[in-house]
Amino acid sequence: MQYHGIVWFFHRNRYHADGVDRAAFGWAPKVSQRFIVYALCGLAFTLAYRTLGCGMGVHPGCGAFDAKVALGPHGLTLRDLMEGFIWGFALHHYFLDQYIWRVRRDPSLNQDLKLLTAAA
């Protein structure tokens, strides 16, 4: 929850400040315009992501069908492929976060998160 609060706060400050060209940021300004829209988009993504994982039998206890369809002679199955996709997608996100949230090195990030201190 805290992560989503920080992301939404950052989006509100970056995309909805005076003089910002919102068209340059694609869907992000529309999604972050209201917290309820942001939360509903997050919920929709989560449901789609979990449904895909459950449908392929990747998430324990909710497999809708046996996805152990062979994809070649080396033992790779459809379930293995989907498990790799689901974990890869999540880990790719975490990997990118370490480059996106560089608070010490990015002055505009500090400004959008309102971390700048007043000049003495």
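This is a predicted model, so every value here is computed, not measured.

Bringing the packing of helix H3 (residues 35-55) against helix H4 (residues 78-100) into the picture now. Where H3 contacts H4, the two axes come as close as 10 Å, and the packing angle between them is 150°. Taken together, the axis directions place H3 and H4 in an arrangement best described as roughly antiparallel. Residues Phe45, Tyr49, Leu52 and Gly53 of H3 pack against Met82, Phe85, Ile86, Trp87, Phe89 and Ala90 of H4. Looking at the contact of H3 with H4 residue by residue, the classes come out as nine nonpolar, one polar and no charged.

All right, on to the pattern of salt bridges then. Working definition: two side chains of opposite charge can pair if their charged atoms are close together. Going through the model one piece at a time under the given rule, you end up with one salt bridge. Residue Arg14 is joined to Asp112 by a salt bridge in which the shortest nitrogen-to-oxygen separation is 2.4 Å. One end of the pair, Arg14, is in helix H1 (residues 2-15); the other, Asp112, is in helix H5 (residues 107-112), with 98 residues separating them in the sequence. Given a relative accessible area of 10%, Asp112 falls into the buried group.

Before going further, it helps to spend a moment on the packing of aromatic side chains. How two aromatic rings sit relative to each other is set out by the distance from centre to centre and by the angle between their planes. What the rule picks out here adds up to nine aromatic pairs. Taking 5.5 Å as the distance between ring centres and 20° as the angle between the ring planes, the aromatic pair formed by Phe45 and Tyr49 counts as stacked. In this pair, Phe45 and Tyr49 are both assigned in helix H3, four residues apart and thus about one turn of the helix distant. When its relative accessible area of 44% is taken as the criterion, Phe45 is described as partly exposed. Look at Tyr49 and you get buried, because its relative accessible area is 18%.

Taking 1.5 Å per residue as the helical rise, H4 with its 23 residues ought to reach 33 Å, and the 32 Å between its terminal C-alpha atoms agrees with that figure. For H4, every residue scored as buried is listed here: Met82, Ile86, Ala90 and Asp97. The inward-facing, buried residues of H4 contact H1 and H3.

Attention now moves to the side chain of Asp112. One polar contact links Asp112 to Arg14, side chain to side chain, over a distance of 2.4 Å. With sequence-adjacent residues up to four places away left out, Asp112 is seen in contact with Phe9, Phe10, Asn13 and Arg14.

On to the environment of His11. Turning to its location among the elements, His11 is positioned in helix H1. Overall, His11 belongs to the buried group, its relative accessible area being 17%. Taking the C-alpha atoms as reference points, His11 and Pro29, 18 residues apart in sequence, are found 7.3 Å from one another. When neighbours within four sequence positions are excluded, His11 is seen to be in contact with His16 and Ser32.

Rules used in this analysis
Residues numbered from 1 in each chain as written. Predicted model: local features only at pLDDT ≥ 70, side-chain atom pairs only at ≥ 80, totals over all residues. Heavy atoms only, no water. Axes fitted to C-alpha atoms, helices over the stretch in contact; angles between N-to-C directions. Helix = DSSP H or I, 4+ residues; strand = E, 2+ residues; numbered from the N terminus. Parallel < 35°, antiparallel > 145°, perpendicular 65-115°, else oblique. Contact = heavy atoms within 4.5 Å. Nonpolar A, V, L, I, M, F, W, Y, C, P; charged D, E, K, R; others polar. Salt bridge = Lys/Arg side-chain N within 4 Å of Asp/Glu carboxyl O. Buried < 20%, exposed > 50% of the residue type's maximum accessible area, 1.4 Å probe, protein only. Phe/Tyr/Trp six-rings, centres within 6.5 Å; stacked < 30°, edge-to-face > 60°. Expected span 1.5 Å × (residues − 1). Polar contact = N/O pair within 3.5 Å; in protein donor to acceptor, adjacent residues only side chain to side chain.

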